[in-house]
Amino acid sequence: MAALACNKFGPGDLNRFIALDVRAPDSLEEYDTLIPHARVLDGHGDSVAATIVWATADSTAILTVLDSLTGRTVVNRTGQTGRLVARSNGLISNPVSIRTLAAADTLFATVAATVDTVALSADSVSDSLTVEVADTIKSASGGDSLTVALAGRPVVYSITYPASSGPVTLVTNDSTHNLVTTDTVTTGVSGIAFVKVRLLGSPVPDSVVVKTIARRAVGDTVPGSPATFVVRFRP
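Every value quoted in this text rests on a predicted model; they were computed, and no experiment measured them. (Residues numbered from 1 in each chain as written. Predicted model: local features only at pLDDT ≥ 70, side-chain atom pairs only at ≥ 80, totals over all residues. Heavy atoms only, no water.)

A few points about the overall build of the chain
- What the chain contains, in helices and strands, is zero helices and 21 strands.
- In terms of C-alpha radius of gyration, the chain reaches 24 Å, well past the compact-globule figure of 18 Å for 235 residues.
- Seen through its principal axes, the chain has C-alpha atoms that stretch 80 × 50 × 25 Å.
- Looking at the chain as a whole, 35% of its 235 residues are labelled buried.
- When contacts within the chain are restricted to residue pairs at least 6 apart in sequence, those whose partners lie at least 24 apart make up 60%.
- As displayed, the chain offers around 12,200 Å² of accessible surface, 50% of which is attributable to carbon and sulfur atoms.
- Computed over 18 positive and 21 negative side-chain charges, the inter-centroid distance for the chain is 3 Å. (Helix = DSSP H or I, 4+ residues; strand = E, 2+ residues; numbered from the N terminus. Rg over C-alpha atoms; globule rule 2.2 N^0.38 Å. Buried < 20%, exposed > 50% of the residue type's maximum accessible area, 1.4 Å probe, protein only. Contact = heavy atoms within 4.5 Å. Areas by Shrake-Rupley, 256 points an atom, 1.4 Å probe, with all protein chains shown as cover. Lys, Arg positive; Asp, Glu negative; His and termini not counted. Charge placed at Lys NZ, Arg CZ, Asp CG, Glu CD.)

Set out below in structure tokens:
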């Protein structure tokens, strides 16, 4: 969240409107809607009733303000940074910078085999169960589509079998042994997220099923979800 204030008047009547306090998320995903928040403050630092009007501060239409009174805003151009400003009673806020993010439209396992067989040992750990979250951009000329990896997107991994928790856990590093059956992993700069499955003890399951889901900011499931991995433990 970003908090910005703009002073209009110097010392004097503390009952005057002297500042705009503006708060908004620092990013907005395509197809989602942003509602910024602002309040007018007097010299005492108290909120006062006032009409606030929102607008973009860019010459290019990166963001579109659908309602100037509520500030309801959507993305017009992705992969850029747009700016919003609030105005009220002669006060103008500093611009609030908002990154515009593409909406993910695909999740897929990055390895050909989604079944891993692990030899039992004192510390049995699977290979990485890796997925990529991406945005597919279709070619206007009818050529091959361009797949753009999306960083910073949450991916949820869940052990769906065995149903009873205890013998296996999800880990993101080789030193962790805590029991975790559901974990949210954020994709890196290459759009990749991964976990491993670690055997904690007996009883040793014949297999472990892990499902992976990604969602857009609006709550829609990203196509390709769930990706399913199977880990088998063998002597």
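Observations concerning the sheet that holds strand E20 (residues 207–214)
- Strand order in the open sheet made by the five strands is E13-E21-E20-E16-E18, with mixed pairing throughout. If you trace the sheet from one side to the other, it starts and ends with strand E13 (115–119) and strand E18 (182–186), each paired once. Direction aside, the axes of adjacent strands within the sheet are offset by 25° on average. (Pairing = 2+ DSSP bridges. Axes fitted to C-alpha atoms, helices over the stretch in contact; angles between N-to-C directions.)

So, the side chain of glutamate 132
- In this structure, glutamate 132 sits in strand E14 (residues 129–137).
- Arginine 153 is the oppositely charged side chain nearest to the buried, salt-bridge-free glutamate 132, at an N-O distance of 12 Å.
- Residue contacts for glutamate 132: discarding those within four places in its chain leaves Thr106, Leu107, Phe108, Thr110, Thr147, Ala149, Ser190, Gly191 and Ile192. (Salt bridge = Lys/Arg side-chain N within 4 Å of Asp/Glu carboxyl O.)

Overview of the nonpolar core
- Formed by 26 residues in total, the largest nonpolar core has its most connected members in Tyr157, Val197 and Val210.
- Within the residue set of this core, elements represented by two or more residues are E14, strand E16 (154–161), strand E17 (168–171), strand E19 (192–199), E20 and strand E21 (227–234).
- One finds Ala24, Leu28, Ile52 and Trp54 within the second-largest nonpolar core, a separate group that totals 16 residues. (Core = buried A, V, L, I, M, F, W, Y, C linked by side-chain atoms within 4.5 Å.)

Brief notes about unusual backbone geometry
- Serine 202 connects to proline 203 through a cis peptide bond whose omega is -5°.
- Within the fold, proline 203 resides in the loop between E19 and E20.
- Serine 225 connects to proline 226 through a cis peptide bond whose omega is -5°.
- Following the sequence through the fold, proline 226 ends up in the loop between E20 and E21.
- A positive phi angle, near 50°, is found at asparagine 89, a position not held by glycine.
- Tracing the sequence through the fold places asparagine 89 in the loop between strand E9 (81–88) and strand E10 (91–92).

Notes on the pairing of E13
- Where burial is concerned, the two faces of E13 differ: the one with Asp116 and Val118 is buried and the one with Val115, Thr117 and Ala119 is not.
- Inspection of the sheet shows E13 paired to E21 by five bridges, in the parallel sense. Residue aspartate 116 lies in a different strand from E21, and its bridge partner there is valine 231.

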